[in-house]
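Structural characterization, general
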Amino acid sequence: QVQLVESGGGLVQAGGSLRLSCAASGSIFRIDDMNWYRQAPGKQRELVATITSGGSTNYATSVKGRFTISRDNAKNTVYLQMISLKPEDTAVYYCNADLRVPYAINYWGKGTLVTVSL
């Protein structure tokens, strides 16, 4: 059974840092793009950052320069390093990945809450 499990969320003061992790496990043949999304209260889920299997990255304008996405292919894990956090970064952060199991499937984690206080 395939799982994406996020960790690293929590409460942090504005200006602080957090590092999120998402580990994929199960019968996975290959992992293509890995993504971080977030959903703030009362808002739609939005794409925060993407990393391809080759390591190319892309970021939402609102986090560019503050967030860094990376991956460890040997561990089937994607990370999101977040610095200079703002209250508006408060959201549930979801890991998302394009998997081959071996057929193609898009999979979601259950999310981890990040709360940034003033």
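Quick note: structure is the one above.
To start, this report covers the structure provided alongside it. Since we're looking at a predicted model, the values are computed, not measured.

**Things to note about the sheet that holds strand β3 (residues 18-25)**
- With antiparallel pairing, the 4 strands of this open sheet are ordered in space as β1-β3-β8-β7. Lying at the two open borders of the sheet, with one neighbouring strand each, are β1 (3-7) and β7 (67-72). Averaged over all neighbouring strand pairs, the angle between strand axes comes to 15 degrees, with direction disregarded.

**Considering the nonpolar core**
- Counting residues in hydrophobic clusters, the biggest one holds 32 residues, and the most contacted among them are Trp36, Leu80, Met82 and Tyr93.
- Among the secondary structure elements, those contributing two or more residues to this core are β3, β4 (30-39), β5 (46-51), β7, β8 (77-82), β9 (91-100) and β11 (112-117).
- Residue contributions to this core peak at 5 residues, all from β9.
- Setting aside chain neighbours within four positions, we find Met82 in contact with Gly16, Ser17, Leu18, Leu20, Arg66, Phe67, Tyr93 and Val114.

**Some points on the side chain of Arg66**
- Residue position: Arg66 is located in the loop between β6 (57-59) and β7.
- For Arg66, a relative accessible area of 11% puts it in the buried group.
- Polar side-chain contacts of Arg66 include one of 3.0 Å to the backbone oxygen of Ser62.
- Those residues in contact with Arg66, other than ones at most four positions away along the chain, are Gln81, Met82, Ile83, Ser84, Leu85, Lys86 and Asp89.

**A closer look at the packing of aromatic side chains**
- Overall, the coordinates contain 2 aromatic pairs when judged by the stated rule.
- Ring centres 4.8 Å apart and planes at 55 degrees place the aromatic pair Tyr37 and Trp108 in the tilted group. Of this pair, Tyr37 sits in strand β4 while Trp108 sits in strand β10 (residues 104-108); the two residues are 71 residues apart in sequence, bridging distant segments of the chain.
- A residue is classified by how much of its surface remains accessible, and Trp108, at 34% relative accessible area, is partly exposed.
- When the centroid spacing of 6.4 Å and the interplanar angle of 80 degrees are considered together, the rings of Tyr94 and Trp108 count as edge-to-face. Residue Tyr94 is found in strand β9, and its partner Trp108 is found in strand β10; the two are separated by 14 residues along the sequence.
- Classification of Tyr94 as buried rests on a relative accessible area of 13%.
- Put simply, the rings of Tyr37, Tyr94 and Trp108 touch in pairs and so form one group of aromatic residues.

**Examining unusual backbone geometry**
- Looking along the chain, the bond that leaves Val101 and enters Pro102 is cis, with omega of 0 degrees.
- Of note, Asn76 is a non-glycine position whose phi angle comes to about 50 degrees, a positive value.
- Structurally, Asn76 is set in the loop between β7 and β8.
- Unusually for a residue other than glycine, Ser84 sits at a positive phi of about 50 degrees.
- Summarising the element assignment, Ser84 is placed in the loop between β8 and β9.
- The exposure class of Ser84 is partly exposed, given its relative accessible area of 37%.

Criteria and thresholds
- Residues numbered from 1 in each chain as written.
- Predicted model: local features only at pLDDT ≥ 70, side-chain atom pairs only at ≥ 80, totals over all residues.
- Heavy atoms only, no water.
- Pairing = 2+ DSSP bridges.
- Helix = DSSP H or I, 4+ residues; strand = E, 2+ residues; numbered from the N terminus.
- Axes fitted to C-alpha atoms, helices over the stretch in contact; angles between N-to-C directions.
- Core = buried A, V, L, I, M, F, W, Y, C linked by side-chain atoms within 4.5 Å.
- Buried < 20%, exposed > 50% of the residue type's maximum accessible area, 1.4 Å probe, protein only.
- Contact = heavy atoms within 4.5 Å.
- Polar contact = N/O pair within 3.5 Å; in protein donor to acceptor, adjacent residues only side chain to side chain.
- Phe/Tyr/Trp six-rings, centres within 6.5 Å; stacked < 30°, edge-to-face > 60°.

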